[in-house]
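Here are the chains, one letter per residue:
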Amino acid sequence: MTTTVQQTDSAVETNDEVILAVNDLRTYIFTRAATVKAVDGISFSLRKGETLGIVGESGCGKTMTALSLLRLVPRPAGRIVTGEIVLNGEDILQKSEDEMRDVRGRQISMILQDPQTSLNPVFTIGNQLREALGIAHKENKRSMLGRAVDALRSVNVAAPERRLDDYPHQMSGGMKQRVVGAIAMSCEPGVIIADEPTTALDVTIQLQYLRLLKEIQANTGLGIIFITHDFGVVARMCDRVAVMYAGRIIEQGEVRDIFNAPAHPYTQALINSVPKLEQRVGRLYQIDGQPPLLSNLPEGCRFAPRCAYASDQCLESYPQSYHMKDGHYADCWALDPAWQGTPIAEFIAPTGRTG
Amino acid sequence: MQRFIILRLLQGLLAVFVISLIVFALSRVAGDPLAAILDDESGKEQIELLRKQWGLDQPLHIQYLTYMRRLLTGDLGTSFKWDRPVAELIAEKLPATIQLSAFALIITGVIAFPIGVLSAVKKDSWFDTGGKMFAILGQSAPTFAVGLILMWIFAVQLGWLPTSGKGGLRYMLLPGFALGYYNVAAIMRLTRSSMLDVLDTEYVKLARIKGIPEWRIVWKHCFRNALIVPLTYFSLILAVLITGSVVIETIFAWPGIGQLVIQAIVSKDHITVQAIVMLFALLYIGINIVTDIVYAYVDPRIRYS
Ligand SMILES: Nc1ncnc2c1ncn2[C@@H]1O[C@H](COP(=O)(O)OP(=O)(O)O)[C@@H](O)[C@H]1O
Ligand SMILES: [Mg+2]
């Protein structure tokens, strides 16, 4: 099903094949001490068959973004405050909790970060797979069994018939990860979010898993949102990338464009911190300082306190979004034609301000 | 699973053996078994006769073997006080105790698990706070006090329920609740806290992502996992029931084993006390084995290790 979605926000493209469009989404966590602005006004879209990477340091709101898309923000503290999440033409924020259950798993699904703990230890994986299938199809037991076997086969589990009666603790980490993938994809959702799906796996299994995701995507036209803190994985996996910093997307665009010409000093720093094959030795570049607390955000640009280029303007007001080309946007005052400060030289590692 | 059960049964047998040794040893350490029934005027020959008759002149290990042989054939000796076979006394009183304990256990299950689960699901609500207070009371008030207070309110003041004795369900309510209250409170708190842990796990998140209805997530995915912790305390529950029954049966004049053992202790009826202690130990071991099997059924990680 493809639907035309009219977008007014500049950062969101309008495309016939857009299956997910997020518009000015804000998700806050209200703790007793403070309000944590985990997601603070982000917009992006995802097309059919496309892989969008969301990159950023730990704690910048990636997981909270993902959970918002499923409306599974931890309650009662967390709440989606404003925004639109248009999935297959409908704003899911307008749906009731009952209607949401039909959205989850069927239209949008998610692979959680840790495969070791994502499966229920007291039920067989056959049981857990059939449960996901059964709610969608209400079929009889036998055909569901067949579908469960198919689901396992689709993620390259060997001898799936024999695996159905296994418990999670009887499987290896990589196998569990694939089973989690099979469960998440069993109802053929149009969008799947993979939240740092490989951090718990070793490198070869990581690569296998990423390749598997791409294969499934090629066969089904699945839209993937791939969350990671590793720009190297982005380069391998994604078509487009959104760079998150302190609850905002500070730059997004085609992976190619962002790698060739990163506009935001933070993106430049992130790319510089990716280990390159030809420079195995030597220290990796690291950004000095800490990201701001999401409960106590600075007035202006959130990266300004760590940015080598920051001017008074950067500290005073949040930058506008500037369009470079083909959906490549970045939020940085230095991109303004009227910018008076030091021009951003590409690939110069900002040294950061300390204190 | 079969191997697990067999292994557990063998361990149980070993425990029974060790306990029989201990009970036997205690009965010999506790003083001359004859002292209780003989007075100072008893003649020397009479004492010797009884000694012979009871086998007390034999070496200890022979005495133990005799004791075990009798035990295995169901011969628990004859009570001094009632002048009847102890086995008969126990057979007469045991059903009442089992009835009351089972009732207390059912109350525990029926009240503690749902309240524990709901307290976790509705954390920090008035329901949760109320449950917390109910539990604190149950865990701090001694069993006899709960029994007396309940009796005073519902039997003496309101006159809704009988004060004591054995009869239908009406007679069981007060002693059953008094006996079960501590366990209700303990299991409620355990269920709540383990439920909170489970609700926070990744597999519950995955279940939500699958689009499963919330009630199913709570009662299928969470409850079975949350049950594991309270289950490990099942043998403690039983210990509370056994010790509690002694107190509660006395307060509510419930004609069970608890009452029997108190009467036997008061009249220094060693044989009866010894038999009942052995019985309690057997019950305890038996329930432990059942618990472990249920536990293994609930948690496959145990079943397969
Ligand atoms: N349950 C919670 N209560 C309070 N703050 C939270 C909670 N969960 C996450 N946060 C905060 O929300 C922010 C975003 O977290 P998250 O989305 O998990 O980051 P990421 O996935 O990018 O590492 C973090 O600063 C974190 O401290
Ligand atoms: Mg995360």
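Keep in mind that what you see is a predicted model, and the values were worked out from it rather than measured.

A separate point is the overall build of chain A. Within chain A, the regular secondary structure consists of twelve helices and twelve strands. Counting the 355 residues in chain A, one finds 54% classified as buried. Contacts in chain A between residues at least 24 apart in sequence constitute 64% of all its contacts with a sequence separation of at least 6.

This paragraph deals with empty space enclosed by the protein. Residues and elements named next belong to chain A. All told, the structure shown has two cavities of 30 Å³ or more when counted by the stated rule. Reported here for the largest cavity is a volume of approximately 80 Å³. What lines the largest cavity is a set of 13 residues, and nearest its centre among them are Pro-265, Cys-301, Cys-307, Cys-314 and Cys-332. Classifying every residue of the lining of the largest cavity by side-chain character gives twelve nonpolar, one polar and no charged.

So, about the pattern of salt bridges. All names here are of chain A. Here the structure, examined in full by the defined rule, presents 28 salt bridges over all chains. Glu-90 is paired through a salt bridge with Lys-95; the nearest N and O atoms lie 3.2 Å apart. Of the residues examined, Glu-90 reaches a relative accessible area of 40% and is grouped as partly exposed. The network of salt bridges with common partners includes Asp-24, Arg-26, Asp-40 and Arg-302.

Residues and elements named next belong to chain A. Its 13 residues give helix α7 (residues 173–185) an end-to-end C-alpha distance of 18 Å, which sits within 8% of 18 Å, the value for a rise of 1.5 Å per residue. With respect to burial, α7 is a largely interior element, twelve of its 13 residues being buried. If you check which residues of α7 are buried, you get Gly-174, Met-175, Lys-176, Gln-177, Arg-178, Val-179, Val-180, Gly-181, Ala-182, Ile-183, Ala-184 and Met-185.

Counting residues at the interface gives 23 residues for chain B and 29 residues for chain A. Both faces combined, the contact of chain B with chain A buries some 2,400 Å², and carbon together with sulfur accounts for 63% of it. Of all residues in chain B, B:Leu206, B:Ile209 and B:Lys210 bury the most surface against chain A, accounting for 30% of the area lost on that side. Linking chain B to chain A there are three salt bridges. Between A:Glu131 and B:Lys220 there is a salt bridge, and its shortest N-O distance comes to 3.2 Å. Counting across the interface, chain B meets chain A through eleven residue pairs in polar contact (both at pLDDT 80 or more). Of all the elements in the fold, those that place two or more residues in the side of chain B that touches chain A are α8 (202–209), α9 (214–226) and α14 (300–303) of chain B. Tallied by class, residues from the side of chain B that touches chain A come to nine nonpolar, three polar and eleven charged.

This next bit is on a nonpolar patch on the surface. Residue and element names in this part refer to chain B. Side chains of Leu-14, Phe-17, Val-18, Leu-21, Ile-22 and Leu-26 sit close together on the surface and give an oily, nonpolar patch of about 540 Å² of accessible area. Checked against the element boundaries, Leu-21 lands in helix α1 (residues 2–29). The partly exposed category is assigned to Leu-21, whose relative accessible area is 36%.

Turning our eyes to something else, we now look at the site of ligand 1. Residue and element names in this part refer to chain A. In the region of ligand 1, 13 residues are neighbours, and Gly-59, Gly-61, Lys-62, Thr-63 and Met-64 sit closest. Take Thr-63: an N or O atom from its side chain is 2.7 Å from an oxygen atom of ligand 1. Within the complex, the protein chains bury 64% of what would otherwise be the 560 Å² of accessible surface of ligand 1. The greatest single-element share of the shell around ligand 1, amounting to three residues, is contributed by helix α1 (residues 62–69).

In this section: the sheet that holds strand β1 (residues 18–30) of chain A. Residues and elements named next belong to chain A. In spatial order, the strands read β2-β1-β4-β5; together these four strands make up an open sheet with antiparallel pairing. The open sheet terminates on both sides in strands that have one partner only, identified here as β2 (35–47) and β5 (90–91). Relative to β5, strand β4 (residues 78–87) runs antiparallel, the two sharing two bridges. Along β5, the bridge assignment pairs Leu-87 with Glu-90.

This part covers the pairing of strand β3 (residues 51–55) of chain A. Residues and elements named next belong to chain A. Of all five residues in β3, five are buried, a share of seventy percent or more. Both faces of β3 are covered, namely the face carrying Thr-51, Gly-53 and Val-55 and the face carrying Leu-52 and Ile-54. Both β3 and strand β8 (residues 223–228) contribute to a ladder of five bridges, which runs parallel. Looking across to β8, one finds that Val-55 is bridged to Thr-228.

Turning our eyes to something else, we now look at the packing of aromatic side chains. Taken as a whole, this structure holds 14 aromatic pairs over all chains when the rule is applied. Ring plane angle 40 degrees and centroid distance 6.4 Å describe the contact between B:Tyr64 and B:Tyr67, whose orientation is recorded as tilted. Taken together, the residues B:Tyr64 and B:Tyr67, both in helix α3 (residues 60–72) and three residues apart, mark about one turn of the helix. Each of the two residues, B:Tyr64 as well as B:Tyr67, counts as buried. Between B:Phe154 and B:Trp160, the aromatic rings sit 6.0 Å apart at their centres with planes inclined by 45 degrees, giving tilted as the arrangement. An aromatic cluster is present here, built from A:Tyr245, A:Tyr266 and A:Phe303 joined pairwise through their rings. Stacked on the ring of A:Phe123, the Lys or Arg B:Lys220 has its end atom at 4.7 Å from the ring centre.

Now for the domain arrangement of chain A. Residues and elements named next belong to chain A. As assigned here, chain A comprises domain 1 (4–107 + 189–346) and domain 2 (114–188). On the side of domain 2, 16 residues touch domain 1, which itself brings 15 residues to the contact. Note on domain 1 versus domain 2: buried area summed over both sides is about 1,200 Å², and carbon and sulfur give 67% of it. The interface formed by domain 1 and domain 2 includes zero salt bridges.

Another aspect to go through is helix α7 (residues 169–199) of chain B. A rise of 1.5 Å per residue sets the reference length of α7(B), with its 31 residues, at 45 Å; its end C-alpha atoms lie only 37 Å apart and thus fall more than 12% short of the reference. Of all the bends in α7(B), the greatest, near 45 degrees, is centred on B:Gly180.

Attention shifts here to the sheet that holds β8(A). Residue and element names in this part refer to chain A. With mixed pairing, the eight strands of this open sheet are ordered in space as β6-β7-β8-β3-β9-β10-β12-β11. If you trace the sheet from one side to the other, it starts and ends with β6 (108–111) and β11 (321–323), each paired once. Neighbour-to-neighbour, the strand axes of this sheet turn through a mean angle of 20 degrees, independent of strand direction. Packed onto the sheet, α1 meets β3, β6, β7 (191–195), β8 and β9 (240–245) and runs at close to 155 degrees relative to β8. With respect to the sheet, α7 is in contact with β6 and β7, its orientation differing from that of β6 by roughly 170 degrees.

Residue and element names in this part refer to chain A. The biggest cluster of nonpolar side chains holds 102 residues, and the ones touching the most others in it are Leu-20, Phe-44, Leu-69, Ile-193, Ile-225, Phe-226 and Phe-231. It is α7 that contributes the most residues to this core, seven residues altogether. There are two domains that each give this core at least three residues, and those are domain 1 (4–107 + 189–346) and domain 2 (114–188). With residues up to four places along the chain from it excluded, the contact list for Ile-193 reads Ala-66, Leu-69, Leu-70, Ile-108, Ser-109, Met-110, Ile-111, Ile-225 and Ile-227.

Rules used throughout
- Residues numbered from 1 in each chain as written.
- Chains lettered and ligands numbered in written order.
- Predicted model: local features only at pLDDT ≥ 70, side-chain atom pairs only at ≥ 80, totals over all residues.
- Heavy atoms only, no water.
- Helix = DSSP H or I, 4+ residues; strand = E, 2+ residues; numbered from the N terminus.
- Buried < 20%, exposed > 50% of the residue type's maximum accessible area, 1.4 Å probe, protein only.
- Contact = heavy atoms within 4.5 Å.
- 1 Å grid on protein atoms, 1.4 Å probe; cavity = no way out; pocket = protein on both sides within 12 Å on 5 of 7 lines; lining within 4 Å.
- Points joined across faces, edges and corners; volume = space filled by probe spheres on them.
- Nonpolar A, V, L, I, M, F, W, Y, C, P; charged D, E, K, R; others polar.
- Salt bridge = Lys/Arg side-chain N within 4 Å of Asp/Glu carboxyl O.
- Expected span 1.5 Å × (residues − 1).
- Buried area = accessible area lost by both parts, 1.4 Å probe.
- Polar contact = N/O pair within 3.5 Å; in protein donor to acceptor, adjacent residues only side chain to side chain.
- Patch = residues over 30% accessible without salt bridge, like charges linked within 9 Å, V, L, I, M, F, W, Y side chains within 5 Å.
- Areas by Shrake-Rupley, 256 points an atom, 1.4 Å probe, with all protein chains shown as cover.
- Near = heavy atom within 4 Å.
- Pairing = 2+ DSSP bridges.
- Phe/Tyr/Trp six-rings, centres within 6.5 Å; stacked < 30°, edge-to-face > 60°.
- Lys NZ or Arg CZ within 6 Å of the ring centre and 35° of its normal.
- Domains from an automatic or database assignment.
- Bend = angle between axes of the 7 residues up to and from the residue.
- Axes fitted to C-alpha atoms, helices over the stretch in contact; angles between N-to-C directions.
- Core = buried A, V, L, I, M, F, W, Y, C linked by side-chain atoms within 4.5 Å.

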